Amino acid sequence: QVQLVESGGGSVQAGGSLRLTCATSGYMSDSYCMGWFRQTPGKEREWIGNINFRIKGTYYADSVKGRFTISQDNAKNTMYLQMNSLKPEDTAMYYCARTRSAFVGCTDHQNYAYWGQGTQVTVSS
């Protein structure tokens, strides 16, 4: 079984930066997506970006494009979310997740089988 653990959340002032880490373990195929999502109370889980390892591309939601960067350390099976120029509306619980295959819509949280427990990000004005 694949396991994922997020870390790096915290409280920052608007305009600040945080880097989230998703540490993974278990078997990894070469055809899957790993994504970052966030969720606030009363709202649906929001896709913010993902890496598609089948087509080797990285994609971002418009709301974070230019501010957030997803990267991966392949040797350590670690994915990062670098968040710059944070805004109060970025406040959310942030999750990393993995699909079973890359032959799915990797922007849809419904297609992710494995999830971390989440790490809270709070941005104050």
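Structural data are supplied above this passage.
Residues numbered from 1 in each chain as written. Predicted model: local features only at pLDDT ≥ 70, side-chain atom pairs only at ≥ 80, totals over all residues. Heavy atoms only, no water.

1. Some words on the overall build of the chain
Using the following cut-off: By the criteria applied, helices consist of DSSP H or I runs no shorter than four residues and strands consist of E runs no shorter than two, each listed in order from the N terminus. Put simply, the radius of gyration uses C-alpha atoms, and a globule should come to 2.2 Å times the residue count raised to 0.38. When accessible area is computed with a 1.4 Å probe and restricted to protein chains, residues below 20% of their type maximum are described as buried, those above 50% as exposed, and intermediate ones as partly exposed. Only the protein chains shown count as cover for residues, and all accessible areas are computed by the Shrake-Rupley method using a 1.4 Å probe. Note on charges: Lys and Arg go in the positive column, Asp and Glu in the negative column, and His and the chain ends are not counted at all. Here the site of a charge means atom NZ of a Lys, CZ of an Arg, CG of an Asp or CD of a Glu.
Counting its regular elements, the chain contains zero helices and eleven strands. Each helix and strand of the chain, ordered N terminal to C terminal, gives the series β-β-β-β-β-β-β-β-β-β-β. Over its C-alpha trace the chain gives a radius of gyration of 14 Å, about what one expects of a compact globule, namely 14 Å for 125 residues. Summarising its shape, the C-alpha atoms of the chain cover approximately 40 × 25 × 25 Å along the three principal directions. Counting only residues that meet the buried cut, the chain has 42% of its 125 residues in that class. In the form shown here, the chain has an accessible surface area of approximately 6400 Å², with 46% of it arising from carbon and sulfur atoms. Distance from the positive charge centre (12 side chains) to the negative charge centre (9 side chains) of the chain: 4 Å.

2. As for the side chain of Thr99
What counts is decided by this rule: Pairs of N or O atoms are called polar contacts if they sit within 3.5 Å, as long as, within protein, a hydrogen donor faces a hydrogen acceptor (for residues adjacent in sequence, only side-chain-to-side-chain pairs). Contact between two residues is taken to exist if any of their heavy atoms lie within 4.5 Å; hydrogens are not considered.
With respect to the helices, strands and loops of the structure, Thr99 is situated in strand E9 (residues 92-99). Look at Thr99 and you get buried, because its relative accessible area is 0%. Here Cys33 takes part through its backbone nitrogen, which lies 2.8 Å from a polar atom of the side chain of Thr99. Within the structure, Thr99 has its side chain in polar contact with the backbone oxygen of Ser101 (distance 2.5 Å). The residues touching Thr99, leaving out its near neighbours within four places in the chain, are Tyr32, Cys33, Val104, Cys106, Asn111, Tyr112 and Ala113.

3. Here we look at the packing of aromatic side chains
This is how the line gets drawn: Only centres within 6.5 Å qualify two rings of Phe, Tyr or Trp (six-membered ring in Trp) as a pair; their planes then separate them into stacked at under 30 degrees, edge-to-face at over 60, and tilted for everything else. We count a charge as sitting over a ring when the NZ of a lysine or the CZ of an arginine lies within 6 Å of the ring centre and within 35 degrees of the ring normal.
Under the counting rule described, the total for this entry stands at five aromatic pairs. Above the face of the Trp115 ring, Arg45 is positioned so that its terminal group lies 4.6 Å from the ring centre. Sitting over the ring of Tyr32, Arg98 keeps its end group 4.2 Å from the ring centre.

4. Quick word on the nonpolar core
This is how it is decided: Nonpolar cores were defined as sets of buried Ala, Val, Leu, Ile, Met, Phe, Trp, Tyr and Cys residues, with membership established by side-chain atoms within 4.5 Å.
Of all hydrophobic cores here, the largest spans 25 residues; its most connected members are Trp36, Phe68, Met79, Leu81, Met83 and Tyr94. Every residue in contact with Leu81, bar those within four places of it in the chain, is listed here: Leu18, Arg19, Leu20, Trp36, Ile48, Phe68, Thr69, Ile70 and Tyr94. Within the second largest apolar cluster, eight residues are counted, among which are Cys33, Trp47, Ala61 and Cys106.

These results come straight from atomic positions and should not be treated as a statement about function.
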